[in-house]
Amino acid sequence: TDPGAEYQTDQSNLGTANIADPTDPGDIVMAAAISGGMQSIAARKDDRGDPMEIVDNPGNWILMVSPTHWQEAERVRIAELLTGSVGNYMKGRFTVRLNQWMTTTDRWILFYAGNSHKPIVLQETGGLEFDDDLDPKSGNTTYSATWWGRVQYGQWRTAYGYIWT
């Protein structure tokens, strides 16, 4: 619910499913879950009750996964057939991004990035600086990079998290 919005409704950006092994959901279950996430985002209303603008382009849908689900997600993205010779209706409909910092083995996040309202905003408060430090005694050089800024949530309606339970 959006406090102060002209239009009030409950919309969830979290999906869950009970499966036998959250670390290996299988390609058919993974495809169905990703499709459900896309449908959930496409059905969302903005704070005025208007539908979200969705352009179904594969570059607009970004699936961020942990190393645990990376190969499964890639299989759903590129395979003609899923397990049991099931046609893959999700082939080529999204982009997979591996996030090695995601250490959970039971979830993934789907982002819609096809309009001007982004799910995550990166705000730069200072520039990127590179530095090197040469130690004259050892001859070793140490390199560093420094960036000042912050990351914050943008349009929550363009993100969808999924948890296997």
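A quick note: this is a predicted structure, and the numbers were derived from the prediction, not measured. (Residues numbered from 1 in each chain as written. Predicted model: local features only at pLDDT ≥ 70, side-chain atom pairs only at ≥ 80, totals over all residues. Heavy atoms only, no water.)

**A few points about the layout of surface pockets**
So the rule is basically this: We place a 1 Å grid over just the protein atoms. Points where a 1.4 Å probe fits but has no way out form a cavity, open points with protein on both sides within 12 Å along at least 5 of 7 lines form a pocket, and any residue with an atom within 4 Å of a point lines it. Grid points are joined across faces, edges and corners, and a volume is the space filled by probe spheres set on the points. Put simply, DSSP H or I for four residues or longer makes a helix, DSSP E for two residues or longer makes a strand, and each gets a number counted from the N terminus. As a working rule, the residues Ala, Val, Leu, Ile, Met, Phe, Trp, Tyr, Cys and Pro are called nonpolar, Asp, Glu, Lys and Arg charged, and the rest polar, with Gly in that last group.
Approximately 200 Å³ is the volume found for the largest pocket. Around the largest pocket sit Asn13, Leu14, Ile109, Phe111, Pro119, Ile120, Tyr153, Gln155, Trp156, Ala159, Tyr160 and Gly161, which together line it. At the level of elements, strand 6 (107–112) and strand 9 (159–164) are the ones that each hand at least two residues to the lining of the largest pocket. If you tally residues by element for the lining of the largest pocket, the top one is strand 9, at 3 residues. In terms of residue class, the lining of the largest pocket is built from 9 nonpolar, 3 polar and no charged.

**Overview of the nonpolar core**
The following threshold applies: By nonpolar core is meant a set of buried Ala, Val, Leu, Ile, Met, Phe, Trp, Tyr and Cys residues that side-chain atoms within 4.5 Å join together. Using a 1.4 Å probe on the protein chains alone, a residue whose accessible area is under 20% of its type maximum counts as buried, one over 50% counts as exposed, and one in between counts as partly exposed. Contact criterion: two residues are considered in contact whenever any of their non-hydrogen atoms come within 4.5 Å of each other.
Ranked by internal contacts, the top residues of the largest apolar core, which has 23 residues, are Ile34, Leu63, Phe94, Trp108, Leu110 and Trp164. Excluding anything up to four places from it in sequence, Trp108 contacts Met30, Ala33, Ile34, Leu63, Met64, Val65, Met102, Tyr160, Gly161, Tyr162 and Trp164.

**Regarding the pattern of salt bridges**
Pairs can form between side chains of opposite charge whenever their charged atoms are close. Here is the rule: The salt bridge criterion pairs a side-chain nitrogen of Lys or Arg with a carboxyl oxygen of Asp or Glu, the two atoms within 4 Å.
Counted under the stated rule, the structure contains 5 salt bridges. Across the pair Asp56 and Arg93 runs a salt bridge whose closest N-O atoms are separated by 3.1 Å. Of this pair, Asp56 sits in the loop between helix 1 (27–42) and strand 2 (61–65) while Arg93 sits in the loop between strand 4 (86–87) and strand 5 (95–98), and the two are 37 residues apart along the sequence. The salt bridge involving Glu80 is made with Lys91; its shortest N-O contact spans 2.4 Å. Separated by 11 residues along the polypeptide, Glu80 in the loop between helix 2 (67–78) and strand 3 (81–82) and Lys91 in the loop between strand 4 and strand 5 bring together distant segments of the chain.

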